[in-house]
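Close look at the chain arrangement
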Amino acid sequence: MQYTHLDSTHDPILPDPCTSTPAGYPDPERSWARCGGHACKPSYWKAEAGTDMVLGTTRSSKEECTGPDWSPAPQLSSCLSQGQFHLSGMDKAGDVILGGLFEMHFFSVFPELSFTSEPQHPTCHGFDILGFRQAQTMAFAIDEINRNSKLLPNMTLGYSLFDNCAKLGIGFRAALALISGQEAQILIEESCEGRAPVLGIVGDSSSTRSIAISTVLGLYRVPMVSYFATCSCLSDRKKFPSFFRTIPSDAFQVNSMIQILKHFGWTWVGLLVSDDDYGLHAARSFQSDLSLSGESCLAYLEVLPWGNEAAELRRIVDVMKKSTAHVVIVFAHESHMINLMEEVVRQNLTGLQWLASEAWSTASVLQTSDLMPYLGGTLGIAIRRGDIPGLRDYLSEINPNIQHNNSYGNSIVNQFWEFTFQCRFAPPPVGWVENGGKVCTGKEDLRTVETEFLDISNLRPEYNVYKAVYALAYALHGLLHCEPGSGPFKEESCATLETLQPWQLVYYLERVNFTTSFGDQVSFDENGDALPIYDIMNWHWLPDGQTKVQNVGEVKMSAFNGEQLTLDGDKIFWNFESNKPPRSVCSEVCPPGTRMVRKKGEPECCFDCFPCAEGKVNNKTNSLECFSCPEDFWSSLQRDLCVPKKTEFLSYQEPLGICLTAASLLGTFTCTVVLGIFIYHRKTPIVRANNSELSFQLLLSLKLCFLCSLLFIGRPRLWTCQLRHAAFGISFVLCVSCILVKTMVVLAVFKASKPGGGASLKWFGVSQQRVTVLVLTSVQAAICTAWLVTYSPAPHKNTHYHNDKIVYECVVGSTVGFSVLLGYIGLLAIVSFLIAFLARNLPDNFNEAKLITFSMLIFCAVWVAFIPAYISSPGKHADAVEVFAILASSFALLVALFGPKCYIILLRPERNTKKAIMGRSTIGTTER
């Protein structure tokens, strides 16, 4: 609204305040009227005949002030309006006026601007009955507050509601008209005091319009409470310091959408948004939050055009058709969806799960038999539904104002009446009656027609309007109940109704906290956003072709538990043959035991799954990496957990260990049996020959050799590791020493039989034989002692042979010590073999040297083969090779040396005589 400042020199064009009080001028009972440049009490003013009171005409005479109280007054200035906006709406007088902006028409037409004549006002068409019901809800709420004796007592609220015609330009005009007033002329008092035309505005329904309007209102801190603007950008308190809303922000709506995606495991979705602040801000917020969640991503993002642009819509539907995403999220308005669905139907694009924003989640215009095959099963975020008792009765009692049909005031009610009853008020348009049209009487009954206007079963935006009005009322109530001296303003003062400013109301609006009759708590956070809560709606396509939008859950913000999604899965209708939620993923979930590898150049939800490497595991789905197991653990076959590594050693329970143990015990038992036989037949010639004491020592040493092999079986421990090689070395040296002494005795006896050779026997008496065996064995004992003291063998967990096994083994500690031990045994064995080989052809019926030669040959062959086999055999196989070598050499000695003797003793006793053994040419020794 623009005004031209006028002083007393322009007085001829002012209306005469001393004659009448035109609309918009000060009440003559409350103020002094201006009269000819002076002031007089209104009870004494008059005008000369012929005064014209029409604004803008020239007055032909001056006024006179009469009466005893007349006195001159200072000249007053005034502002004259350059024009008025022609806005449809309705108003009601009151002590305090609240403004409202509602979308009561769908379309508007702006005349062309030629700037050669005065611009014409835009016209609106396409009556929006739901927008009108929202406006009437505000009127009902104010009427209910006025009847409430506890809320704003002794005060009457009024309202001024305008139609924005779904157009920013008209909505902006309406907002300026509300905050500036619609007066044709303003008289400027000297004090410049007084209330603003409206103290707060309920509206607008569009984010784009709310952004533009609130930017201006914020400069003057005029509170604006929107019931349908959801753009998250409006939460910026620096840009919009006086903006509030009773509908949740798109930030919460976006999070709610993401919660639904998580609930059903939809990670691959398409996003369609409208080409305005609502859609574009939602797209930015959705992309940002989706990337932060890290669980879903967009297959495509398309912006729906305004209007029916066939080529662009065809391209968008082609993108949807080619995509593998089966879930489509749409942040747009009903008009966008209508245009989009026409192309969807034309291309017969089915098999999609639609997720609707609150802008169209309950739109009945889309719930038609033609569209439900495509939109059936839609899940949508809807504004919280509420009950408003008494609203239906109020709506049904609305009556048109026949006297002001053509005026801009309450004309919107008349337009609603004409739309509902398809009639026209008098005077009707030319040709209306002639063409069969009805004339409205104003006495029609709304209850007799079927209209959505009276259907209050699904009050959602209306409930937000209701809460917005009450929020302003409670803020005003708190302001008026301020106690002087404890107020929030300068010097602890309080605001007064006479000097009340909109910014003072903002202070109390920020602290509003009340509960509606429906049980919902209403308060605003630091950004002016209400406590967020949404209903989850599902579009049911019934078998009879009817449609039903059913509440299947809710999502709300809790102070303690954060955002909570509640869904009743049994109530949800899925428009698929399986009647189950669809799968919408770019790549299937990588199960535990695998890792994700992103596909180059594709969204992060598109990836390949590769199994974890051996020794690495992953027990989570869609993990980017696998983790190594601890040292003593290994990955399971599924690579999903670490299991203890298998342990490997030569065990008594495994077949190989059992066989070797049995062989060892068999050898021990055999030695015992042979020893028993020899003891029993100790006085026989074959036992007495070649020193029976050495034979007994040899059998005992062989028995120890068989038993020492058991130390190599079982889990290695420190004492077994230390004892096994020492016992093995000493036992075999004892055995070989006995054989060596026996061989030397045979050779000495043979030499003694020759002339002059008797002296050699004195060196091989029984005592010398014992000392020789003891000395030779002591050398090995010394070697073992030095080895154990310096570099003792010890148990070791070897993980190098097998990644998935722990091989328990005994490390020799000192390779030199082990080599010396084996070398010493080998040295004695070679010496014994050489001496026996030299004595093999001695003339004796029973020449034991031949048996020793054969046994030592086998013994040496076994241990020569042992060395490479031992070196090349890992883990328990090395122990098995060593045990086998011990057993093989022990059995070779046992069988070769004692087999023939036992054969004679047991099976050929006739040969067990001195005569048989000595023969005619016998040279031997018998014990004396």
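Conventions used here
Residues numbered from 1 in each chain as written. Predicted model: local features only at pLDDT ≥ 70, side-chain atom pairs only at ≥ 80, totals over all residues. Heavy atoms only, no water. Helix = DSSP H or I, 4+ residues; strand = E, 2+ residues; numbered from the N terminus. Buried < 20%, exposed > 50% of the residue type's maximum accessible area, 1.4 Å probe, protein only. Contact = heavy atoms within 4.5 Å. Areas by Shrake-Rupley, 256 points an atom, 1.4 Å probe, with all protein chains shown as cover. Phe/Tyr/Trp six-rings, centres within 6.5 Å; stacked < 30°, edge-to-face > 60°. Lys NZ or Arg CZ within 6 Å of the ring centre and 35° of its normal. Expected span 1.5 Å × (residues − 1). Pairing = 2+ DSSP bridges. Axes fitted to C-alpha atoms, helices over the stretch in contact; angles between N-to-C directions. Salt bridge = Lys/Arg side-chain N within 4 Å of Asp/Glu carboxyl O. Disulfide = S-S within 2.5 Å. pLDDT = per-residue confidence, 0-100. Core = buried A, V, L, I, M, F, W, Y, C linked by side-chain atoms within 4.5 Å.

The helix and strand tally for the chain stands at 21 helices and 36 strands. Looking at the chain as a whole, 48% of its 928 residues qualify as buried. Partitioning the contacts of the chain with sequence separation of at least 6, the portion at a separation of at least 24 is 69%. Split by element, the accessible area of the chain, about 44100 Å² in all, is 56% carbon and sulfur.

Another point: the packing of aromatic side chains. One pass over the full model with this rule turns up 36 aromatic pairs. Where Phe 132 meets Phe 416, the ring centres are 4.5 Å apart and the plane angle is 20°; that geometry is what we call stacked. In this pair, Phe 132 sits in helix H1 (residues 129-146) while Phe 416 sits in helix H10 (residues 411-421), placing the two residues 284 residues apart along the sequence. Accessibility classification places Phe 132 together with Phe 416 in one group, the buried group. The positively charged end of Arg 511 is found above the aromatic ring belonging to Tyr 507, 3.8 Å away from the centroid. In this structure, Arg 715 packs its charged tip against the face of Tyr 808, placed 4.0 Å from the ring centre.

Now for helix H5 (residues 277-293). With 17 residues, H5 extends 24 Å between its outermost C-alpha atoms, agreeing within 8% with the 24 Å of an ideal straight helix rising 1.5 Å per residue. Each element contacted by the buried residues of H5 is listed here: helix H3 (207-217), helix H4 (250-264), strand S16 (268-274), strand S17 (297-304) and strand S18 (327-331). Backbone geometry just after H5 places Gly 294 at a positive phi near 70°.

Once that is clear, we can look at the sheet that holds strand S15 (residues 243-245). Across the sheet, six strands lie side by side as S7-S11-S8-S13-S14-S15; this open sheet has mixed pairing. Lying at the two open borders of the sheet, with one neighbouring strand each, are strand S7 (89-92) and S15. Put simply, the sheet's adjacent strands are angled 20° from each other on average, direction ignored. The pairing of S7 with strand S11 (residues 157-163) spans four bridges and is antiparallel. In the sheet register, Met 90 faces S11, and the bridge partner there is Leu 161. Most of the contacts of helix H2 (residues 168-180) go to strand S8 (residues 96-102), to which it runs at about 180°, and overall it touches S8, S11 and strand S13 (200-202).

So, about the environment of Arg 717. Note on placement: Arg 717 falls in the loop between helix H15 (692-708) and helix H16 (718-752). Residues Arg 717 and His 796, 79 residues apart in the sequence, show an inter-C-alpha distance of 8.9 Å.

Here the focus is the pairing of S11. Of all the seven residues making up S11, seven are buried; the element is thus mostly covered by neighbouring parts of the structure. Where S8 and S11 come together, seven bridges link them in parallel fashion. Paired with Ile 97 across the strands is Gly 158, a residue of S11.

Another aspect to go through is the pattern of salt bridges. Inspection of every chain in the model, using the stated rule, returns 26 salt bridges. Its salt-bridge partner being Glu 693, residue Arg 770 comes within 2.7 Å of it at the nearest N-O pair. Of this pair, Arg 770 sits in helix H17 (residues 766-790) while Glu 693 is found in helix H15, placing the two residues 77 residues apart along the sequence.

Further remarks concern the sheet that holds strand S36 (residues 805-811). Here three strands make up an open sheet; going across it, the order is S34-S36-S35 and the pairing mixed. On the outer flanks of this sheet lie strand S34 (646-648) and strand S35 (794-798), each paired with one strand and no other. This sheet shows a mean twist of 25° between the axes of neighbouring strands, independent of strand direction. Examined bridge by bridge, S35 and S36 share five bridges and lie antiparallel to one another. Its bridge partner lying in S36, Pro 795 is registered against Cys 810.

With that settled, consider the state of the cysteines. The tally for this structure, following the rule as stated, stands at ten disulfides. Bridging Cys 297 to Cys 605, the disulfide has an S-S length of 2.2 Å. In this pair, Cys 297 sits in strand S17 while Cys 605 sits in the loop between strand S28 (594-598) and strand S29 (607-611), placing the two residues 308 residues apart along the sequence. Each member of the pair, Cys 297 together with Cys 605, is buried. Here Cys 423 connects covalently by a disulfide to Cys 440, the sulfurs 1.8 Å from one another. Between Cys 423 and Cys 440, the S-S torsion sits near 100°, and that sign places the bridge as right-handed. With a gap of 17 residues between them, Cys 423 in strand S21 (residues 423-424) and Cys 440 in the loop between strand S22 (438-439) and helix H11 (461-480) connect regions that are remote in the sequence.

On to the confidence of the model for the chain, then. Regions with low pLDDT should not have their predicted coordinates read in detail. Looking at the chain, the pLDDT average stands at 82 and 85% of residues meet or exceed 70. Here residues 403-409 is a poorly scored stretch, pLDDT under 50, and it has 13 contacts once near neighbours within four places are set aside; other chains count.

Right, let's talk about the pairing of strand S20 (residues 379-383) for a bit. The buried fraction of S20 amounts to five of the five residues, a majority that puts the element mostly inside the structure. A two-sided burial pattern is seen for S20, the buried positions comprising Leu 379, Ile 381 and Ile 383 on one face and Gly 380 and Ala 382 on the other. Here two bridges tie strand S19 (residues 353-356) to S20, and the two strands are oriented parallel to one another. Along S20, the bridge assignment pairs Leu 355 with Leu 379. Note that S20 and strand S25 (residues 533-541) share five bridges and pair antiparallel. Paired with Ala 382 across the two strands is Asp 535, which belongs to S25.

Judged by nonpolar contacts, the single largest core of 102 residues is most densely connected at Trp 266, Phe 286 and Phe 331. With twelve residues, H11 is the single largest residue contributor to this core. Excluding anything up to four places from it in sequence, Phe 286 contacts Val 254, Met 257, Ile 258, Leu 261, Leu 271, Leu 298, Ile 329 and Phe 331. By size, the runner-up hydrophobic cluster in this structure holds 67 residues, among which are Cys 671, Leu 698, Ile 739 and Ala 836.

This part is about unusual backbone geometry. Cis geometry is found at the peptide bond from Gly 203 to Asp 204, where omega equals -5°. For the bond running from Ala 426 to Pro 427, omega is -5°, close enough to zero to count as cis. In this structure, Cys 165 takes a positive phi of about 55° despite not being glycine. Relative to the helices and strands, Cys 165 is located in the loop between S11 and H2. Overall, the relative accessible area of 2% leaves Cys 165 in the buried class. One non-glycine residue with positive phi stands out, namely Glu 492, at about 55°.

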